[in-house]
Amino acid sequence: MPTLSELFAVHPRDGGWAGFLLAQVATDKPLLWVQDRMAIRESGRIHPPGLPTQNLIHVEARDARDALWAMEEGVRCACLSAVIGELWGDPRALDFTATRRLAVAAERSGTPCWLVRLGGNASLSGARMRWRVASAPSLLNPLDVRAPGLPAWDAELFRARGMPPGRWIIAHEADRFHLVAGAGDRALDEDQRFTA
Amino acid sequence: MPELAIERWTKTSDSPPDAPVVLTVEGTHGPVIHAVTRVAAERGARPGARLADARALDPALIALPADPTSDAALVERLARWAGRWSPLVEVDGDPSTSFGTGGLRLDVSGVAHLFGGEDGLVRDIRDCFARIGLTAGVAIAPTALAAWALARFPSPLCGRGSTRAKRERGERACQTRTSAPLPGAAGRRLSLPHGGGRDLLEQLSPLPVSALRLDADTVRTLERLGLKTIGALLSVPRLALARRFRGAEDVVDALDRALGRKPEPLTAAPVEPPPRALLKLEEPATHPEAASQALERLIPKLVHQLQERHLGARRLSLTGYRVDGSVGVASVATAIPSREPKHLQRLLADKAAALNPEFGFDAFALTADWTEDLGAAQDSLVEEPSGERELARLVDRLTVKLGERAVGRPRAEESHLPERASGWVSAVMASPSPLCGGGKEARSARRERRQAAVSPFSPTPLPQGGEGRKPQRLLDRPEAIDVIYATPEGMPRRFMWRRAVHDIARVEGPERIAPEWWRQPSSTRLRDYYRVEDASGRRYWIYREGLIADGRGGAPAWFIHGLFG
């Protein structure tokens, strides 16, 4: 069900979370990608040639308040495939009320919303799912052993409504997430649930 | 335009072309012929004659009522169309009442060179009128009246304009030096150098006096006096002429206008003004909500106008006129044409509230500066607007609040350099179609077109080999990093970015991107890009700028440019 998910980048200068997130986003409709200015300065601006879709609207917000406003405007619109918002640090504007508003709006319009926190700490939030994502060493490249292969992620679901938390090292291949290493049997069921 | 009436009739009716048709208007003593077809003219029908007289010559004439209103409307339309030649176009005379005086008057000062000189202009006008099936007599002269005369009465000496063998009528262009009101003394001189005062005299002299656009009685009087041509008229002393012809039938005045001694201003047909709603206040309003309240009252008025003209606003501006003579303006743009009151009001509300009344507003105007056609459409039967419109409204709202530069859509550029290849274009200015579904094809088609049209090179698309070939994030400005490498031209081993050390575990590269020598200075160095992965799995895009001994600077420097997801 589309809702608000919060995603913490374990390391702010690690762009790995974007691959994890984009693997779960549909691209049939335009995408709204909001970045606040600090996030752009610290970890770069999105680069359309590297993204799965070119059909997107990018918003460069002055601060977290504008970014949250833009996200809320976008989430209310059912014509978007998803809204992704990146906020740097722990802005004051981002409180429980703000996240709760986003969550309710996302559930009402059916537009999934991803709130990405770079260099922030998890505090009270209305998000239905809270992830902590870091890059993991990539898979073996079949063509060149010394080159990076398919990306893998160390994803931890530390808070979720209606499902147990867990931690997996996963990769995305041929439209499916699959486990890479180091998880128990129970995790495999969970993993099936997240195959987009 | 006597030909105009019959030509318009021939175009709209489906009768055989050889029918002896005459168009009639009601005169004081029964119907009067207004226009005749060629066949009818051969049988003796003449415009201005009574229908009964023409019937006496040939009883087979078919008489139909003329439609002067539609003729006048056509001339109006032609006047707008003639704006292609000159910005100043005037409908001359009233084709519905006076026979054959209808025409267009163009001020072509400073315009002719665009069409290859005055001859080229005349040819172009004639060709265009011939293409739409209207007979046109064209003449360029230094004064309006002279052009009028030359277009209607072919001068035996004239080389230009009135040489048309066909019944020359209707269209007439004049280079009126006197079109702007001139001080009386200067007017006499000004017209003469242009078009040659002597030429003008020579061309006008052999013309009949009716070419001076005098009324019929005056012309008859003059002809009875033996003054049949303008030349003859000029030889009579001015004083005698002025004494004999007084009041309305002022022959001297007509002569002066024809020769440029007196100004004859040209009044251009008005351009249709943009939709505008105005609100005047009884007393200056100084409270801060004045603009918002005015907006609430102006929007319905403007929307009504837009509805009537089937337009949608692309840019709106609210102007507040202050009592001290200054103005405050708030304007917004929309991504697709719109005339929905709620949406427009929502867009303008914030900006209107920010208008500072200072000493008080005493009037407001809401103008749709930029409009596009928008048919009368119902959104939908149920309360759910289409995705495209909704998206455009979202873009509008974002742009109004955050600024035009903050809301962008990707635009592919013709370049190998990553920071150049992906540009951003303001979302509100981008055409709305690619926003909605199927935009990808439209965009790629556009890119192909641009490739074909603009670039002298057609670079092949970069190999999209493995997934994640391109980084998902790009730093606005590549940042310098310290790199440790095994050999100067070899793979990097470790780098330091923002005081954090990254041990490189895996690396792929280089991917060499040469500088764009046709755009960049010759000292620009090439870039060798490497995809690197550090020990904890983070993937970066780094490059080495230049080679050792490439003769473009010292040791190569390293930069980080992107992050992989």
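Model, not experiment: these values are computed from the prediction.

Caption draft 1: Quick look at the nonpolar core. Core analysis: the largest hydrophobic core is formed by 38 residues, its most contacted members being A:Leu32, A:Val34, A:Val59, A:Met71, A:Cys113 and B:Leu398. Elements represented by at least two residues in this core include exactly strand S2 (31–36), strand S4 (56–61), helix H3 (64–75), strand S5 (82–88), helix H4 (96–109) and strand S6 (113–118) of chain A together with strand S8 (327–338) and helix H15 (387–402) of chain B. If we skip the residues at most four places from it in the chain, A:Cys113 touches A:Thr3, A:Leu4, A:Ser5, A:Met71, A:Val75, A:Val83, A:Leu102 and A:Ala106.

Caption draft 2: How the structure looks around helix H4 (residues 68–81) of chain B. Residues and elements named next belong to chain B. Between its first and last C-alpha atoms H4 spans 20 Å; for 14 residues at 1.5 Å apiece the expected length is 20 Å, and the two agree. Inspection of H4 places Asp71, Leu74, Val75, Leu78 and Ala79 among the buried residues, and these make up the whole buried set. For H4, the arc enclosing every buried residue in end-on projection is 145°, short of the 170-degree limit, so these residues lie on one face. Structural note: H4 exposes Thr69 and Arg77 on the side pointing more than 90 degrees away from its buried face.

Caption draft 3: Representation of unusual backbone geometry within the structure. Residue and element names in this part refer to chain B. Cis peptide bonds are those with omega within 30 degrees of zero, and the linkage from Gly509 to Pro510 qualifies with 0°. Position of Pro510 relative to the elements: it lies in strand S14 (residues 500–513). The phi angle at His310 is positive, at roughly 55°, despite the residue not being glycine. Along the chain, His310 turns up in the loop between helix H13 (290–308) and strand S7 (311–322). A relative accessible area of 41% places His310 in the partly exposed class. Even without a glycine there, the phi angle at Arg498 is positive, about 50°. Tracing the chain through its elements places Arg498 in the loop between strand S13 (492–497) and S14. Judged by relative accessible area, Arg498 falls into the partly exposed class, the value being 25%.

Caption draft 4: Here's a closer look at the packing of H13(B) against helix H14 (residues 341–353) of chain B. All names here are of chain B. Across the interface, H13 lies against H14 with an axial gap of 10 Å and an inter-helix angle of 150°. Taken together, the axis directions place H13 and H14 in an arrangement best described as roughly antiparallel. Crossing of H13 over H14 shows right-handed handedness. Contacts between H13 and H14 involve Ala291, Ser292, Leu295, Glu296, Ile299 and Val303 from the first element and Pro341, Leu344, Gln345, Leu348, Ala349, Ala352 and Ala353 from the second. Residues that form the contact of H13 with H14 fall into these classes: ten nonpolar, two polar and one charged.

Caption draft 5: Structural detail: the interface of chain B and chain A. With 48 residues of chain B at the contact, the number on the chain A side is 61 residues. Both faces combined, the contact of chain B with chain A buries some 4,500 Å², and carbon together with sulfur accounts for 55% of it. Among the residues chain B hides against chain A, the three largest losses belong to B:Gln472, B:Arg473 and B:Arg506. Together they make up 16% of the total. Remark: the boundary between chain B and chain A carries five salt bridges. Here A:Arg45 and B:Asp476 are joined by a salt bridge, their closest N and O atoms 2.9 Å apart. Along the contact surface separating chain B from chain A lie 18 residue pairs in polar contact (both at pLDDT 80 or more).

Caption draft 6: Just the packing of aromatic side chains, in detail. On inspection of all chains with the given rule, the structure shows 15 aromatic pairs over all chains. On the numbers, 6.1 Å between centres and 65° between planes, the contact of A:Phe20 with A:Trp153 is edge-to-face. Of this pair, A:Phe20 sits in helix H1 (residues 17–22) while A:Trp153 sits in strand S8 (residues 152–160); the two residues are 133 residues apart in sequence, bridging distant segments of the chain. Ring centres of B:Trp541 and B:Phe564 lie 6.5 Å apart, and the angle between their planes is 80°; this geometry places the pair in the edge-to-face category. Of the two residues, B:Trp541 sits in strand S16 (residues 539–545) while B:Phe564 sits in the segment after strand S17 (557–563), which places them 23 residues apart along the sequence. When sorted by exposure, B:Trp541 lands in the same class as B:Phe564, which is buried. Sitting over the ring of A:Phe158, A:Arg132 keeps its end group 4.2 Å from the ring centre. Geometry around B:Trp370 places B:Arg314 over its ring, the cationic atom sitting 4.4 Å from the centre.

Caption draft 7: Quick look at the sheet that holds strand S9 (residues 361–373) of chain B. Residues and elements named next belong to chain B. The four strands are arranged S6-S9-S7-S8 in an open sheet whose pairing can be described as antiparallel. Both edges of this open sheet fall to strand S6 (276–285) and S8, since each of them pairs with a single strand only. Across the sheet, the mean angle from the axis of one strand to that of its neighbour is 15°, orientation sign disregarded. Bridging between S6 and S9 involves six bridges; their strand directions are antiparallel. When the bridges of S9 are listed, Arg276 appears paired with Thr367. Its contacts with the sheet put H14 on S7, S8 and S9, and the angle it makes with S8 is roughly 150°.

Caption draft 8: Structural detail: the environment of B:Arg527. Residue and element names in this part refer to chain B. In this fold, Arg527 is placed in strand S15 (residues 527–534). By relative accessible area, which is 10% here, Arg527 ends up buried. Separated by 19 residues in the primary sequence, Arg527 and Gly546 place their C-alpha atoms 6.0 Å from one another. Apart from residues lying up to four places away in sequence, Arg527 is in contact with Leu417, Pro418, Glu419, Glu511, Arg512, Ile513, Tyr543, Arg544, Glu545 and His561.

Caption draft 9: Up close: the confidence of the model for chain B. Residues and elements named next belong to chain B. Put simply, chain B has an average pLDDT of 76, and 79% of its residues get 70 or more. Averaged pLDDT values over the elements of chain B bottom out at 30 in helix H7 (residues 184–191) and peak at 93 in S17. Low pLDDT, under 50, characterises residues 157–196; the stretch is placed with 126 contacts to residues that sit more than four places away or in other chains. In the predicted complex, the global pTM is 0.59; the interface-specific ipTM is 0.90.

Caption draft 10: Just the state of the cysteines, in detail. All names here are of chain A. Using the criterion set out here, one finds one disulfide over all chains in the structure. The residue that forms a disulfide with Cys77 is Cys79, at a sulfur-sulfur distance of 2.4 Å. For the disulfide bridge between Cys77 and Cys79, the dihedral angle about the S-S bond is near 70°, and by the sign convention the bridge is right-handed. Given a relative accessible area of 8%, Cys79 falls into the buried group.

Caption draft 11: Quick peek at the environment of B:Arg531. All names here are of chain B. Among the structural elements, Arg531 can be located in strand S15. With a relative accessible area of 11%, Arg531 lands in the buried category. A distance of 2.8 Å separates the side chain of Arg531 from the side chain of Glu508, its partner in a polar contact.

Caption draft 12: Expanded view of the side chain of B:Ser317. Residue and element names in this part refer to chain B. When you line up the elements, Ser317 lands in strand S7. Only 2.9 Å separates the side chain of Ser317 from the side chain of Asp369, close enough to count as a polar contact. With residues near it in sequence (within four places) discarded, Ser317 still touches Val329, Ala330, Ser331, Ala365, Leu366, Thr367 and Asp369.

Criteria and cut-off values
- Residues numbered from 1 in each chain as written.
- Chains lettered and ligands numbered in written order.
- Predicted model: local features only at pLDDT ≥ 70, side-chain atom pairs only at ≥ 80, totals over all residues.
- Heavy atoms only, no water.
- Core = buried A, V, L, I, M, F, W, Y, C linked by side-chain atoms within 4.5 Å.
- Buried < 20%, exposed > 50% of the residue type's maximum accessible area, 1.4 Å probe, protein only.
- Helix = DSSP H or I, 4+ residues; strand = E, 2+ residues; numbered from the N terminus.
- Contact = heavy atoms within 4.5 Å.
- Expected span 1.5 Å × (residues − 1).
- Arc of directions from axis to C-beta.
- Axes fitted to C-alpha atoms, helices over the stretch in contact; angles between N-to-C directions.
- Parallel < 35°, antiparallel > 145°, perpendicular 65-115°, else oblique.
- Left-handed = near helix turned anticlockwise from the far one by under 90°.
- Nonpolar A, V, L, I, M, F, W, Y, C, P; charged D, E, K, R; others polar.
- Buried area = accessible area lost by both parts, 1.4 Å probe.
- Salt bridge = Lys/Arg side-chain N within 4 Å of Asp/Glu carboxyl O.
- Polar contact = N/O pair within 3.5 Å; in protein donor to acceptor, adjacent residues only side chain to side chain.
- Phe/Tyr/Trp six-rings, centres within 6.5 Å; stacked < 30°, edge-to-face > 60°.
- Lys NZ or Arg CZ within 6 Å of the ring centre and 35° of its normal.
- Pairing = 2+ DSSP bridges.
- pLDDT = per-residue confidence, 0-100.
- Disulfide = S-S within 2.5 Å.

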